Structures are given as C-alpha cells and as structure tokens.
Amino acid sequence: MTSSLRLSRRAADLHASPIRDILAVVSRPGMVSFAGGLPAAETFPDFSLAAVPREAAQYGASEGDWALRERVAADLAERDLPVPPTQVLILSGSQQGIDLVAKLFVDPGTPVAVETPTYLAALQVFRFFGARFVEFSAQDHTSLVGARPTVAYVNPTFQNPTGYCYTADERAALAATCERHGIVLFEDDPYRDLCYEACARRPLCANIAQGSWIYQGSFSKSLAPGLRLGYLACSPDLLPLLTHLKQAADLHSNRLSQALVLQALDDPARAVRSARLNAFYRERRDGFAALLDQHFGDLADWRLPAGGLFFWLQLRHERASLDTRALLPRALERQVAFMPGEPFFASEHGGRGCLRLNFSHAAPEAAARGLAALAAVVREAG
Ligand SMILES: Cc1ncc(COP(=O)(O)O)c(C=O)c1O
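Notes on the structure in this doc start here. Remember, predicted model here, so these are calculated numbers, not experimental data. (Residues numbered from 1 in each chain as written. Predicted model: local features only at pLDDT ≥ 70, side-chain atom pairs only at ≥ 80, totals over all residues. Heavy atoms only, no water.)

This next bit is on the overall build of the chain. Across its full length, the chain carries eleven helices and 13 strands. Out of the 382 residues belonging to the chain, those deemed buried represent 54%. Sequence-distant contacts in the chain: of pairs separated by 6 or more residues, those separated by 24 or more amount to 74%. Only carbon and sulfur atoms are counted for the fraction: they give 53% of the accessible area of the chain, which is about 16800 Å². Computed over 38 positive and 40 negative side-chain charges, the inter-centroid distance for the chain is 3 Å. (Helix = DSSP H or I, 4+ residues; strand = E, 2+ residues; numbered from the N terminus. Buried < 20%, exposed > 50% of the residue type's maximum accessible area, 1.4 Å probe, protein only. Contact = heavy atoms within 4.5 Å. Areas by Shrake-Rupley, 256 points an atom, 1.4 Å probe, with all protein chains shown as cover. Lys, Arg positive; Asp, Glu negative; His and termini not counted. Charge placed at Lys NZ, Arg CZ, Asp CG, Glu CD.)

Given below as structure tokens:
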C-alpha cells in the first residue's frame, strides 16, 4: 500500500531506535536482558507522593522549579562547575537536552563531532537533523582541528557504551581544543554518580573560560528513569535559546517528578543512599566480571568499567569482524538480549565484533543463565 502522507523531508529518513526495538521484546517472560541501560529496580528510592505539595500539579516555569535549579546549581558547584541557578535548565530527561542542542545547532550538513563509539540515541537525534559526523576519541582529536565541527558531543565519565572514563589530562586537552577552535563543547554526564573506583570526574566544561558549553546530567541512573528528569547548565549565551526551544517542545518538565527529585536530593540520608547504591552495583559488576571470565574468557576482551552500567566486549580472532547484529535473532531465540556494537558508531563499518552488555539489570542467577546462552550463540558463529 502506498502512503498518501506528505511527511517532512526530515521524517522521510526516520528509523526506530535499535534499542527501543529490542526493549519491546525483552519483557517477555524468561528473557534475560543485557540490552538496555536499565537500573536495577530494587535501587529505586521510596518516593513519598504524600509529601509533594499540591501546587506541583499546576503548570510551571519552562526553566524548571526554582528550588530544584538552586539544588542542582549547588551540586554543580561541588563538582567545580559553579553556575548561578539562572544558568540551569531542568529537562524532561537528559535525552531532551540532546534534542534541544541538535535543534539549536544542526542543519543538514552541519559538522558534529562524536566519539567512536558514542551513545547511539545521540547519533539518532543528530542524524535526524542532518548532521555530518566527524569522529574523535579521548586520545586523538586532530579531526576536530581539521573539520572545525560546530558542536563536539562527549560522554567522558563511564561512557555509554564503553565504560571509559577520561583522565584529567584528556579532559583538559579536549576542553582546550574546543575552546581554541570555537567548537561548542557538549558534555553528557549521566553516569558520574555510579562510581565504583576513584577516577577523574571533574567536568570538562569547568576548564572553559571563554567558549560556549553545555553540561548535562540525569536523575535516571542515580534515582529512577521513570521520573524522566534531567538538567543542563550552559554558558550564559545559550540559556535563553535553549529555554525557548524547551518552551516550544513541552512547556516545562513534569513538576511532580521535580518535587520528588528535590525530596531525594534534600534527603539527609542522600550520601548514605548513594554509597549503598554504588556498593550494590560494584557487587553486580564484579559478579558479572567473574561470569564473563567463565564464559567469554577465550572469546573476547574487555576492561573492567570503573563506573556506569556497561561492559564493552571485543570478540577475538576470526570473530573480531563479525556483524554482531546477525547474532541478535539467535540470542533472542535463546532468551537473551544484548546490544550489538554497530549502532554506536557514526560510520557504517564501525563496531564489528563488539557487544555492549548491561550488568545492572539482570539478577545474578539470570545473568549466569544469559551469559552462558550468549556465549553459546557466539561460539556457534565462529
Ligand atoms: C549517554 C546518555 N545520555 C543520555 C541518556 C538519556 O538519559 P535520560 O533521558 O533518561 O536522562 C542516556 C540514557 O541511557 C545515556 O546513556
């Protein structure tokens, strides 16, 4: 059947997110999922809806509720990124920040710098607006000097998908390159609070004195993703522009969620909860690492992530160039889901032989079953 819909040029190239497609099947009974970046449900706080003020049900400011903006600004100052609350914008999830930044800067053909690999849903948004990708890594950003992208998008702390954490020198160097060449630095930092080993976490944006920058965070991983709440802080030139875009997108973020998040951030037991959360995930990570040694020891290489939610596996030998997307249907048949590596790369041939495995969601017994099944699928593909 031919469609008579007259779509926008942008929408003509609209694809479903690969991760959303996988998430649609992982809720089947018996399925073990290493696919999404899902926090463990048992870590969610006990929110008290009864303590939410009645006025939170009313329309609110596009920038977000003042008390929450103040709280976020105070937290950012502790991270060495001092900004006034007026420079903070509360978001409907940090995914919205990516959308707003893309709307602000990206036309068809605009050069946008992304890491190799990078967060796939950021690629999806930038692609939707027609970005032309320039690829860089923590160790090599010479491409930024040559191509002079408008924006450089970076996820420097416990990166999705690799788990990599930039060193202090790498942080300073990338910020300096952006500042020197007039590139807007867009730092996405949703995993920083899930930290299992000490490492450099000072925001790159804290190094920028003159240039334009955006730093964003999320409450999805440290509190609960169903809240759909995140925030950004940015250089003063960008705040009014991003606020206007936010206004047009959704008027303002959910005020009930804002009240619940403020409750959690103001809780005197916040530090204790955070320590407990990290202890819980450290144990899950270590259990997962032991299972990987057992099932993938001869099949793949990986690094122990110092934080965040993911292991990134590179298959060895003849499997190193395998298209891991082809493994997915066979894995799903055996009741296990994972994320193939390819969608995390801007270029067509990146990510061969790579798998991203989330370790936070599956309970230990399920993880053992799932990894045994996945290793069998990989072995058969050899
Ligand atoms: C790097 C990165 N940025 C942004 C997001 C979006 O997070 P949220 O919209 O839940 O804050 C995610 C979610 O997994 C992510 O991994």
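A few words on the side chain of Thr 43. For Thr 43, the location among the structural elements is in the loop between β1 (32–33) and α2 (66–78). Residue classification places Thr 43 among the buried residues on the basis of a relative accessible area of 11%. From its side chain, Thr 43 meets the backbone oxygen of Ala 40 in a polar contact 2.7 Å long. Among residues more than four places away in sequence, those in contact with Thr 43 are Arg 273, Leu 277, Phe 280 and Tyr 281. (Polar contact = N/O pair within 3.5 Å; in protein donor to acceptor, adjacent residues only side chain to side chain.)

If you check the shell around the ligand, you find 14 residues, and the closest are Asp 188, Tyr 191, Ser 218, Ser 220 and Arg 228. Taking Asn 160, its side chain carries an N or O atom lying 2.8 Å from an oxygen atom of the ligand. In the environment of the ligand, an oxygen atom lies 2.6 Å from a nitrogen or oxygen atom belonging to the side chain of Tyr 191. Expressed as a share of its isolated accessible area of 400 Å², the protein-covered part of the ligand is 92%. Classifying every residue of the shell around the ligand by side-chain character gives four nonpolar, seven polar and three charged. (Near = heavy atom within 4 Å. Nonpolar A, V, L, I, M, F, W, Y, C, P; charged D, E, K, R; others polar.)

This part takes up unusual backbone geometry. Cis geometry marks the peptide bond from Thr 116 to Pro 117, where omega comes out at -5°. For Pro 117, the location among the structural elements is in the loop between β3 (111–115) and α4 (120–128). For the peptide bond that leads from Asn 160 to Pro 161, omega is 20°, which places it in the cis range. Turning to its location among the elements, Pro 161 is positioned in the loop between β5 (151–154) and α6 (168–180). The phi torsion at Arg 228 lies on the positive side, around 50°, for a residue other than glycine. Structurally, Arg 228 is set in the loop between β7 (213–218) and β8 (230–234). Located in the positive-phi region is Gln 335, a residue other than glycine, with phi close to 70°. Among the secondary structure elements, Gln 335 is positioned in the loop between α10 (327–333) and β11 (336–337).

As a further point, take the environment of Gly 307. Inspection of the secondary structure puts Gly 307 in the loop between β9 (300–301) and β10 (310–315). Residue classification places Gly 307 among the buried positions, given a relative accessible area of 0%. Taking the C-alpha atoms as reference points, Gly 307 and Pro 53, 254 residues apart in sequence, are found 35 Å from one another. Apart from residues no more than four positions distant in its own chain, Gly 307 is found in contact with Phe 158, Leu 194, Cys 195 and Tyr 196.

Bringing the packing of helix α9 (residues 270–296) against helix α11 (residues 364–380) into the picture now. Between α9 and α11, the shortest axis-to-axis distance is 10 Å and the interhelical angle comes to 30°. With respect to each other, α9 and α11 are oriented roughly parallel. Judged by the sense of rotation from one axis to the other, the crossing of α9 with α11 is right-handed. Of the residues in α11, those in contact with Arg 284, Phe 288, Leu 291, Leu 292, His 295 and Phe 296 of α9 are Pro 364, Ala 367, Ala 368, Leu 371, Ala 372, Leu 374, Ala 375, Val 378 and Arg 379. Class assignment of the residues belonging to the contact of α9 with α11 gives a composition of twelve nonpolar, one polar and two charged. (Axes fitted to C-alpha atoms, helices over the stretch in contact; angles between N-to-C directions. Parallel < 35°, antiparallel > 145°, perpendicular 65-115°, else oblique. Left-handed = near helix turned anticlockwise from the far one by under 90°.)

The next thing to look at is the pattern of salt bridges. The final tally for this structure, using the stated rule, is 20 salt bridges. Here Asp 75 ties to Arg 270 by a salt bridge, and the two come within 2.8 Å at their closest N and O atoms. Of this pair, Asp 75 sits in helix α2 while Arg 270 sits in helix α9, placing them 195 residues apart in sequence. Among the ionic pairs, Arg 379 bridges to Asp 298, the shortest N-O distance being 3.0 Å. Residue Arg 379 is found in helix α11, and its partner Asp 298 is found in the loop between α9 and β9; the two are separated by 81 residues along the sequence. Taking the relative accessible area as the measure of exposure, Arg 379 reaches 39% and is therefore partly exposed. Its relative accessible area of 46% is what places Asp 298 among the partly exposed residues. Salt bridges sharing partners connect three or more residues here, namely Arg 71, Asp 75, Asp 266 and Arg 270. (Salt bridge = Lys/Arg side-chain N within 4 Å of Asp/Glu carboxyl O.)

Moving on, we get to the pairing of β5. Both faces of the sheet carry side chains from a regular strand, because those side chains alternate between them. In β5, alternate side chains face the same way, and those of Val 151 and Tyr 153 on one face and Ala 152 and Val 154 on the other are all buried. Both β3 and β5 contribute to a ladder of three bridges, which runs parallel. Of the residues in β5, the one forming a bridge with Val 112 is Val 151. Tracing the backbone out of β5, into α6 and back to the parallel element strand β6 (residues 184–188) gives a crossover that is right-handed. (Pairing = 2+ DSSP bridges. Right-handed = clockwise from strand over helix to strand, strands pointing away.)

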